[in-house]
2 protein chains.
Amino acid sequence: MNSNIRLLVISTSTIHGSSFLTYIKDDLVDFIQTDELIFVPYARPSGISYDEYTANVQTALADKGIRVSGLHTYSDQKEAIGQAKAIFIGGGNTFLLLKTLYELDLVNDLKAAVAAGLPYVGTSAGSNLTGLTIGTTNDMPIVYPPSFDALQFLPFNLNPHYLDPDPNSTHKGETRETRIREFHQFNTQAVLGLREGSWLHVENAQIELKGTLSARLFQQGKEPIELQPGLLQF
Amino acid sequence: MNSNIRLLVISTSTIHGSSFLTYIKDDLVDFIQTDELIFVPYARPSGISYDEYTANVQTALADKGIRVSGLHTYSDQKEAIGQAKAIFIGGGNTFLLLKTLYELDLVNDLKAAVAAGLPYVGTSAGSNLTGLTIGTTNDMPIVYPPSFDALQFLPFNLNPHYLDPDPNSTHKGETRETRIREFHQFNTQAVLGLREGSWLHVENAQIELKGTLSARLFQQGKEPIELQPGLLQF
């Protein structure tokens with residue numbers, strides 16, 4: 001992995017009993033090492049507008065002195081990415097997010113900027129994009145993107161909001177683990193299930209699992225294993 | 001709607017506390033009005049083989065005197081669909097199912113045969129296909145189909161295994177209702193949430209909701225409503 005790449009790959013923007021970004025704010029600010037952040041609102045959770053979503057991020061980070069601008073407000077978005085100090089892609093619908101980035105022809109610009117050292121923060125759908133494909137998203141396919149190929153900073157796939165099977169459930173829909181096993185019938189890459197409250201800090205070609213919880217690693221043809229917080233080796 | 005179209009659109013093949021197809025078997029047999037059934041195993045739940053999946057259906061229906069053959073066993077699958085007495089598309093992964101049907105160039109054959117009166121039974125992923133698109137499936141996008149357009153027998157979308165929000169959940173992933181509301185930010189067609197144990201019987205251009213539960217209808221720009229079992233008008 002390119003040692004210039006710096007990522008914060010966050011399972012969820014919000015944890016139970018806490019408000020938007022609160023639990024992760026200090027780590028995010030430490031990570032970006034700048035007070036200027038470009039926010040990418042294209043995943044539009046619940047259909048929220050770009051302006052409103054960006055304003056929510058600005059509000060959440062205002063007490064840290066961070067100035068947030070929405071990528072959608074730049075007349076030249078390629079130039080904005082090239083000149084950004086740090087970028088944050090928020091959660092929502094992964095299909096919509098990726099389709100919009102392809103339509104705006106920003107996928108290669110994001111890849112190039114992050115490969116050159118631009119700090120990248122993702123939550124949920126924005127974290128899905130750091131993997132090889134969006135083939136392990138939990139989201140509903142509300143729009144049809146031209147490809148499922150993601151930004152491919154990491155050599156595996158992510159499954160944010162990873163949820164353990166509920167032993168008391170009577171529902172016959174597939175569990176998350178069943179879905180990921182089905183994925184491995186047709187795809188070879190590993191899948192990392194990141195539970196809510198967990199995140200990855202990627203720097204100097206090292207991947208550190210942060211938070212208090214373990215993460216669940218699924219590899220084709222093997223039993224899933226639990227990875228403890230700390231540097232990941234796989 | 002074409003009055004030749006005959007469909008059994010089933011939310012789930014299996015309900016809690018019962019074995020595969022048991023609760024729906026009598027209705028299925030009454031509906032197909034034949035003892036020869038072609039089964040389409042391409043959705044491969046949990047990656048099961050085509051032969052194994054077909055054998056499971058044969059076992060479940062054997063006591064009713066139904067002979068089940070897998071569509072995959074025919075050298076000319078187009079001809080098999082054209083000559084079928086009844087067809088049953090089983091559940092599993094909707095993306096895999098639709099991609100396989102496109103790859104085998106069977107989408108138009110299925111549309112033509114059902115438009116001419118071929119009885120069609122779908123469960124779960126097979127039910128998703130009876131709607132306009134697969135944009136409201138719950139499945140993981142483990143493969144990339146060439147389109148999300150489905151068989152379009154019904155003038156709306158389906159959401160099988162419809163699940164009401166859990167008021168006690170601390171999980172921050174989207175509820176089913178939130179996902180469908182996001183769908184309606186970008187799509188105009190209605191979405192019918194079919195709870196487990198419910199199914200639609202379509203005949204003579206009429207749609208009847210069967211089972212004991214209500215279904216939840218989502219229309220763009222309106223509050224969702226509950227539809228009671230019986231003939232649906234919308």
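Everything numeric here is computed off the predicted structure, so don't read it as measured data. Per chain, the residues get numbers from 1 upward, laid out in the order the sequence is written. Here the convention is simple: chains get letters from A, ligands get numbers from 1, in the order in which they are written. Confidence filtering applies because this is a predicted model: local features only for residues at pLDDT of at least 70, side-chain atom pairs given and counted only at 80 or more, and all residues used for totals across whole chains, interfaces and linings. Neither water nor hydrogens contribute to the side-chain values; these are computed over all heavy atoms in the structure.

1. Notes on the overall build of chain A
Then comes step 1: Only runs of H or I of at least four residues qualify as helices and only runs of E of at least two qualify as strands under DSSP, and these elements are numbered from the N terminus. Scanning chain A from N- to C-terminus turns up seven helices and 12 strands.
Then comes step 2: Seen through its C-alpha atoms, chain A measures out along the principal axes to roughly 45 × 35 × 35 Å.
Then comes step 3: Per-residue accessibility, obtained with a 1.4 Å probe over protein chains only, is compared with the maximum for each type, and a residue is labelled buried under 20%, exposed over 50%, and partly exposed between these values. A total of 234 residues make up chain A; the buried ones form 58% of that total.
Then comes step 4: Excluding contacts between residues fewer than 6 apart, the proportion of contacts in chain A whose partners are at least 24 apart in sequence is 68%.
Then comes step 5: In these tables, accessible area is a Shrake-Rupley quantity obtained with a 1.4 Å probe, and a residue counts as shielded only by the protein chains included in the view. Of the accessible surface of chain A, which amounts to about 9200 Å², a share of 46% is contributed by carbon and sulfur atoms.
Then comes step 6: Within this scheme the basic residues Lys and Arg register as positive and the acidic residues Asp and Glu register as negative, but His and the chain ends are omitted. Taken as the charge location is NZ of Lys, CZ of Arg, CG of Asp or CD of Glu. Distance between charge centres in chain A, computed from 17 positive and 25 negative side chains, equals 3 Å. Residues count as neighbours in contact if any of their non-hydrogen atoms are within 4.5 Å of one another.

2. Concerning the sheet that holds strand 7 (residues 191-195) of chain A
All names here are of chain A.
Then comes step 1: Only when DSSP finds a minimum of two bridges between them are two strands counted as paired. The strand order 6-7-10-11 describes an open sheet built from four strands, whose pairing is mixed. The open sheet terminates on both sides in strands that have one partner only, identified here as strand 6 (157-162) and strand 11 (225-227). The mean angle between the axes of side-by-side strands here comes to 30 degrees, regardless of whether they run parallel or antiparallel.
Then comes step 2: Looking at chain direction, strand 6 and strand 7 are connected through four bridges and run parallel. Looking at strand 7, one finds that asparagine 159 is bridged to glycine 193. In this description, a line fitted to the C-alpha atoms serves as the axis of each element, helices being fitted only across the stretch in contact, and the angle between N-to-C directions of two axes falls anywhere from 0 to 180 degrees.

3. A short note on the relation of the copies chain A and chain B
Then comes step 1: Overlaid copies result from least-squares superposition on C-alpha atoms, with residues included only where pLDDT is at least 70 in both. Between chain A and chain B, the superposition needs a rotation of 180 degrees and an axial shift of 0.0 Å, giving an RMSD of 0.0 Å. The symmetry that links the two subunits is that of a two-fold axis.

4. Some points on the packing of aromatic side chains
The relation between two aromatic rings is expressed through the spacing of the ring centres and the mutual angle of the planes.
Then comes step 1: Classification of ring pairs uses Phe, Tyr and Trp, with its six-membered ring standing for Trp, and accepts pairs whose centres are within 6.5 Å; under 30 degrees between planes counts as stacked, over 60 as edge-to-face, and the remaining range as tilted. For the structure on display, the rule yields 19 aromatic pairs over all chains.
Then comes step 2: Ring geometry for Phe95(A) versus Phe148(B): centroids 6.4 Å apart, planes at 75 degrees, classification edge-to-face. Of this pair, Phe95(A) sits in helix 4 (residues 94-103) while Phe148(B) sits in the loop between helix 6 (125-128) and strand 6 (157-162), on two different chains. With respect to burial, Phe95(A) and Phe148(B) carry one shared label: buried.
Then comes step 3: Pairing Tyr120(A) with Phe153(A) gives two aromatic rings, centres 5.4 Å apart and planes at 70 degrees, and the pair type is edge-to-face. Linking Tyr120(A) in strand 5 (residues 120-123) with Phe153(A) in the loop between helix 6 (125-128) and strand 6, this pair joins segments that are 33 residues apart in sequence. Phe153(A) shares its class with Tyr120(A); the two are buried.
Then comes step 4: Taken together through their ring pairs, the aromatic side chains of Phe95(A), Tyr144(A), Phe148(A), Phe95(B), Tyr144(B) and Phe148(B) make up a single cluster.

5. Thoughts on empty space enclosed by the protein
Then comes step 1: Cavities and pockets are found on a 1 Å grid laid over the protein atoms alone: a cavity is a set of points where a 1.4 Å probe fits but cannot escape, a pocket is an open set with protein on both sides within 12 Å along at least five of seven lines, and a lining residue has an atom within 4 Å of such a point. Grid points are joined across faces, edges and corners, and a volume is the space filled by probe spheres set on the points. The full count for this structure, using the stated rule, is two cavities of 30 Å³ or more.
Then comes step 2: Roughly 60 Å³ of internal volume is contained in the largest cavity.
Then comes step 3: Looking at the lining of the largest cavity, the elements that each hand over two or more residues are helix 6 and strand 6 of chain A.
Then comes step 4: Here the lining of the largest cavity is built from residues that sort into two nonpolar, seven polar and three charged.
Then comes step 5: By volume, the second largest cavity is sized at about 30 Å³.
Then comes step 6: As for the second largest cavity, its lining consists of Glu174(A), Arg179(A), Glu182(A), Gly92(B), Asn93(B), Asp139(B), Met140(B) and Ile142(B). Residue polarity is assigned by list, with Asp, Glu, Lys and Arg as charged and Ala, Val, Leu, Ile, Met, Phe, Trp, Tyr, Cys and Pro as nonpolar; anything else, Gly included, falls into the polar class.

6. Some thoughts on the side chain of Ser124(A)
All names here are of chain A.
Then comes step 1: The residue serine 124 is located in the loop between strand 5 and helix 6 in this model.
Then comes step 2: By relative accessible area, which is 12% here, serine 124 ends up buried.
Then comes step 3: Beyond its immediate sequence surroundings of up to four residues, serine 124 is in contact with Ile10, Ser11, Gly91, Pro160 and His161.

7. Observations concerning helix 5 (residues 107-115) of chain A
Residue and element names in this part refer to chain A.
Then comes step 1: The set of residues buried in helix 5 consists of Val107, Leu110, Ala113 and Val114. Summarising the axial view, the buried residues of helix 5 lie within an arc of 135 degrees, below the 170-degree limit, and thus occupy one face. Exposed residues pointing more than 90 degrees away from the buried face of helix 5 are listed as Asn108 and Ala112.
Then comes step 2: In this fold, the buried residues of helix 5 make contact with strand 1 (7-10), helix 3 (77-83), strand 4 (87-89), helix 4 and strand 5.
Then comes step 3: At the exit of helix 5 stands glycine 117, carrying a positive phi of roughly 110 degrees. Here the arc refers to the directions that run from the helix axis out to each C-beta atom.

8. Examining the interface of chain A and chain B
Then comes step 1: Across the contact, 46 residues belong to chain A and 45 residues belong to chain B.
Then comes step 2: At the boundary of chain A with chain B, total buried surface from both sides reaches about 3700 Å², with 60% on carbon and sulfur atoms.
Then comes step 3: Two parts placed together each lose some accessible area; with a 1.4 Å probe, that loss summed over both constitutes the buried area. By the criterion of area lost to chain B, the three top residues of chain A are Met140(A), Tyr144(A) and Lys172(A), representing 19% of everything that side buries.
Then comes step 4: When a carboxyl oxygen of Asp or Glu lies within 4 Å of a side-chain nitrogen of Lys or Arg, that pair is called a salt bridge. Taken together, the links from chain A to chain B amount to two salt bridges.
Then comes step 5: Linking Asp139(B) and Arg179(A) is a salt bridge whose minimum nitrogen-to-oxygen distance equals 3.9 Å.
Then comes step 6: Within 3.5 Å is the distance limit for a polar contact, defined as a pair of N or O atoms, with the added protein rule that one can donate a hydrogen and the other accept it, and that residues adjacent in sequence qualify only through two side-chain atoms. Scanning the region where chain A abuts chain B turns up 17 residue pairs in polar contact (both at pLDDT 80 or more).
Then comes step 7: At the level of elements, helix 4, strand 6 and helix 7 (176-183) of chain A are the ones that each hand at least two residues to the side of chain A that touches chain B.
Then comes step 8: Per-element accounting of the side of chain A that touches chain B gives the leading share, six residues, to helix 7 of chain A.
Then comes step 9: Here the side of chain A that touches chain B is composed, by residue class, of 18 nonpolar, 20 polar and eight charged.

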